[in-house]
Amino acid sequence: MEITLTPPAKTFFALIPASVIYSLIPIIGISIFIYMMVIRLRPLQKAAPDVRFNNMRDRMYQLIKIWLLQYRQPRYMLAGVLHILLFAGFLVLGLRSLELIFVGIIPNFVLPGLGGAAGKIYGFLRSYAATWVLMVALIAMVRRGICKPARYEVPEKYGKSHTGEAVFVLFMICILVISESIFEASLAAAQTQNNLHAHFLPPVTLPWFFKAWMANASMPTLEWLHGLSYFMHEVTFFTFLCFLPLGKHFHVVTSLFNVMFMRLERGGVKPVKHGISDEKLDDLESFGVKKIEDFTWKHILDFYSCADCGRCSDNCPANAAGRPLSPRFISIKGRDVIFKKYPLLGKSSGNGGQPLIGKTYEEDEIWSCTTCGACEQECPLGIEYIDKIVDLRRGMVDEGLVPQSLQKPLRALEKRGNPWGKLEKKRIEWTKDLDEQIEIKELGKKAGAKTLFFVDSITSYDDRMQSIARSTAKLLNHYGADFGILGKAEKDSGHEVRRFGEEMLFQDLRDQNTEAILASGASCIVTSDPHTYNALKNDYSGLPKVEHISQFLMHQLRAGALDLKPVEDAAKVYAYHDPCYLGRHNAVYDDPRNVLDAIPDLKRVDMMRSRDRSFCCGGGGLMLFYEPEEEQRMGVLRVKMAAEAGANVIVTACPFCLVNMEDAIKVAGLEGQMEAIDLAELVAAHIK
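These figures come from a predicted structure and were not determined experimentally.

Calculation notes
Residues numbered from 1 in each chain as written. Predicted model: local features only at pLDDT ≥ 70, side-chain atom pairs only at ≥ 80, totals over all residues. Heavy atoms only, no water. Helix = DSSP H or I, 4+ residues; strand = E, 2+ residues; numbered from the N terminus. Buried < 20%, exposed > 50% of the residue type's maximum accessible area, 1.4 Å probe, protein only. Contact = heavy atoms within 4.5 Å. Areas by Shrake-Rupley, 256 points an atom, 1.4 Å probe, with all protein chains shown as cover. Lys, Arg positive; Asp, Glu negative; His and termini not counted. Charge placed at Lys NZ, Arg CZ, Asp CG, Glu CD. Domains from an automatic or database assignment. Buried area = accessible area lost by both parts, 1.4 Å probe. Phe/Tyr/Trp six-rings, centres within 6.5 Å; stacked < 30°, edge-to-face > 60°. Pairing = 2+ DSSP bridges. Axes fitted to C-alpha atoms, helices over the stretch in contact; angles between N-to-C directions. Disulfide = S-S within 2.5 Å. Salt bridge = Lys/Arg side-chain N within 4 Å of Asp/Glu carboxyl O. Patch = residues over 30% accessible without salt bridge, like charges linked within 9 Å, V, L, I, M, F, W, Y side chains within 5 Å. Core = buried A, V, L, I, M, F, W, Y, C linked by side-chain atoms within 4.5 Å. Right-handed = clockwise from strand over helix to strand, strands pointing away.

Draft legend 1. Inspection of the overall build of the protein at higher detail. Counting secondary structure elements, the protein contains 26 helices and 11 strands. Each of the three principal axes of the protein carries a C-alpha extent, and together these read 100 × 60 × 45 Å. Counting every position in the protein, which comprises 688 residues, the buried fraction comes to 57%. A fraction of 79% describes how many contacts in the protein between residues 6 or more apart in sequence connect residues 24 or more apart. Within the structure as shown, the protein displays about 29,600 Å² of accessible surface, and the carbon and sulfur contribution to it stands at 57%. When the 79 basic and 78 acidic side-chain charges of the protein are each reduced to a single mean position, those positions are 4 Å apart.

As structure tokens, this is what we get:
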């Protein structure tokens, strides 16, 4: 039997067997961790219900893709690669840490399955894992402590920076891999000195370097290093475990569950309360979120899971424009409230029991969100913000805390079915300037058609946007669609009404539209407004198939019918702007681009922020009426991005985007140098 160094389980602390101490360390550590987890689970138990145990097959796919394979991490290449290496290292070294717990209790313990060849392969892999984890941790410490990327900064109004916590955790990771490597290396060095078959250490790994350093060390020194490194590893491991639930590194524990239960489908908004039908909403004593327990358990899990990486805020257009909103701090402040209201020791303190609005979140902060979804698309841990924002708005609407600039359009929507308060009969005035050859049928009792063109409010009433309605009608007519409109029977789709927290008004608009749509007898709905498209597709139910005009045109392209004439000015360079509710929320990216590319001689470029990283124009729906505090308009930032891409024409596929782009071109002083046009207008102008 090859015995070189005394196993930790056979050593002594004074007269106390080490196995006793090494039994107490995990018992104490795990007991403390369980106690902390029980406290942390209390707010989830008291939170609002949430339906997250459906579609488990899809959830497992998301878990493998986003959590295990770290699919979203490389969107920030350096930080992403570092995190992937750290995560992979943790998965590999986790088995060894588990094995080492028992090594201090049972001499020469080996986990079942890790003996023989499997153990040698695993030992080879874990030696390299320990090496790259140390390198990554050191690089990350430099980035956090010295380089300090701007997205990690914490404004003074939000409290202290979390840099110290991050560096401390990285330091503990360094101690873990160093101590485990010294434990391995000291044994191998002792075996070599005694001319025994030494445990193989892969070259150019951390244990390999430590073995070389210890080559001439005396046996007592190797004994001391062997025992000390094991003790340091165990104490650090359980300190690390118990530190996780104290702050942002709680995501190490919760991220797996948060990704598993993340939103599977985009575009929609959660109901006021899961398990409560629309008919029973009047029975609720309170709407929306007013206190921390009004959030759903998944949203509280979101707060726990925020890694404070700043990716959400770095991609938030409201934050970029200088509005008082940073999604990152929606999570951090929510977590702080939970920690104060449910402390690990002592009684509840701070503002944990206070209303959230005015104490934790400011009104302007919550109204500043455009619900573009950039934050959710970027988050590598599946944290959701839109539903939280909408629920907080529902709570404010319930309390009468509606911005002055929004009160008038909301009243107009309730009275006239459109935010401008214009008469219902004027909803079809856009048809007056149409070519006489284009027949526009009003669907209902006297007329029917296969396709319903749902125009919606801005395209019906705004003088400039009426051109989009006429172009859409021209395209539908040219390509042989049997179509009509609802006319006076059409109401605003209510898309923004719902996202601004007026749930009951939304339901009234939805019910009126649903009745009119079903009465029309149409089997397909086409719209040129992505907000309408999203509402009819994701907020309504029981309707015929809904398409955006870009999808209708794509059908013509596939059928070989989209025969268009070349652009007149070949010097123009076109950049397509992805509307949030067509692109990010509904993944319609290629159809508009393919249609543009079908126009001969058209030169198209993509802006740096495009597709699922597109930048919100800032004008969706009722945002046209809201007057936020901001340093610069989102639209101006977007126009500058188009200019940087070398474009002088911005093509949109959304009337709200077109309003904002044209306005932003003027504000940016780019009139005559830049222009904006809707996709439907552009294609209609190139019909042969």
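Next comes the rest of the write-up.
Draft legend 2. A look at the domain arrangement of the protein. In terms of domain boundaries, the protein breaks down into domain 1 (8-39 + 52-260), domain 2 (286-390), domain 3 (404-558) and domain 4 (573-685). If you average the C-alpha positions of domain 2 and of domain 3, the two centres end up 34 Å apart. Counting residues at the interface gives 4 residues for domain 2, matched by 7 residues for domain 3. A buried area of about 440 Å², summed over both sides, lies between domain 2 and domain 3, and 76% of it is on carbon and sulfur atoms.

Draft legend 3. Expanded view of helix α9 (residues 297-305). Across the 9 residues that make up α9, a large majority, 9, are buried. Considered for burial, the residues of α9 that qualify are W297, K298, H299, I300, L301, D302, F303, Y304 and S305. Along its buried surface, α9 packs onto α1 (18-46), α8 (251-260), α12 (327-341) and α15 (386-398).

Draft legend 4. Representation of the packing of aromatic side chains within the structure. Scanning the entire structure with this criterion turns up 23 aromatic pairs. Measuring from centroid to centroid gives 5.2 Å for F295 and F303, while their planes differ by 90°, and the two rings are edge-to-face. Here F295 and F303 have matching classes, each one buried. When the centroid spacing of 5.7 Å and the interplanar angle of 20° are considered together, the rings of W367 and F500 count as stacked. On the criterion of sequence distance, the pair formed by W367 in helix α13 (residues 363-367) and F500 in the loop between α19 (495-499) and α20 (503-520) is long-range, its members being 133 residues apart.

Draft legend 5. Here's a closer look at the sheet that holds strand β9 (residues 603-605). Pairing within the open sheet is parallel, and its 4 strands lie in the order β9-β8-β10-β11. Every other strand in the sheet has two partners, leaving β9 and β11 (675-678) as the edge strands with one partner each. Recorded for the sheet is a direction-independent mean angle of 35° between the axes of neighbouring strands. The sheet contact formed by strand β10 (residues 649-652) and β11 spans 4 bridges and is parallel. The residue bridging V651 from the neighbouring strand is I677, located in β11.

Draft legend 6. Structural context of the state of the cysteines. Applying the stated criterion to the full structure yields 0 disulfides. Of the cysteine sulfurs around C312, a residue in no disulfide, the closest is that of C306, at 6.1 Å. C312 sits in the buried class, given a relative accessible area of 7%. There is no disulfide at C375, and the cysteine sulfur nearest it, in C372, is 6.3 Å away. When its relative accessible area of 10% is taken as the criterion, C375 is described as buried.

Draft legend 7. Layout of the pattern of salt bridges. By the definition in use, this model includes 48 salt bridges. The shortest N-O distance in the salt bridge between R266 and E376 comes to 3.9 Å. In this pair, R266 sits in the loop between α8 and α9 while E376 sits in helix α14 (residues 374-378), placing the two residues 110 residues apart along the sequence. Taking the shortest distance from any N to any O, the salt bridge between E630 and R323 comes out at 3.0 Å.

Draft legend 8. Spotlight on a positive patch on the surface. A grouping of K422, K425, K426 and K488 is seen on the molecular surface, where their side chains present a positively charged patch. Within the secondary structure, K425 sits in the loop between α16 (404-416) and β3 (441-442). On the accessibility criterion, K425 (55% relative accessible area) is exposed.

Draft legend 9. View of the nonpolar core. Counting residues in hydrophobic clusters, the biggest one holds 200 residues, and the most contacted among them are M214, F295, Y361, L475, L553 and V651. With 12 residues, helix α5 (residues 163-193) is the largest single contributor of residues to this core. Dropping the residues within four chain positions of it, V651 is found in contact with Y574, A575, Y576, H577, L596, I677, D678, L679 and L682.

Draft legend 10. Seen up close, the side chain of K248. When you line up the elements, K248 lands in the loop between α7 (219-243) and α8. Buried and unpaired, K248 has D308 as its nearest opposite-charge partner, separated by 5.4 Å.

Draft legend 11. The pairing of strand β7 (residues 545-548), seen in detail. Inspection of the sheet shows strand β6 (residues 524-527) paired to β7 by 4 bridges, in the parallel sense. Bridged to V526 within β7 is E547. Taken together, β6, helix α21 (residues 530-539) and β7 form a β-α-β motif whose crossover is right-handed.

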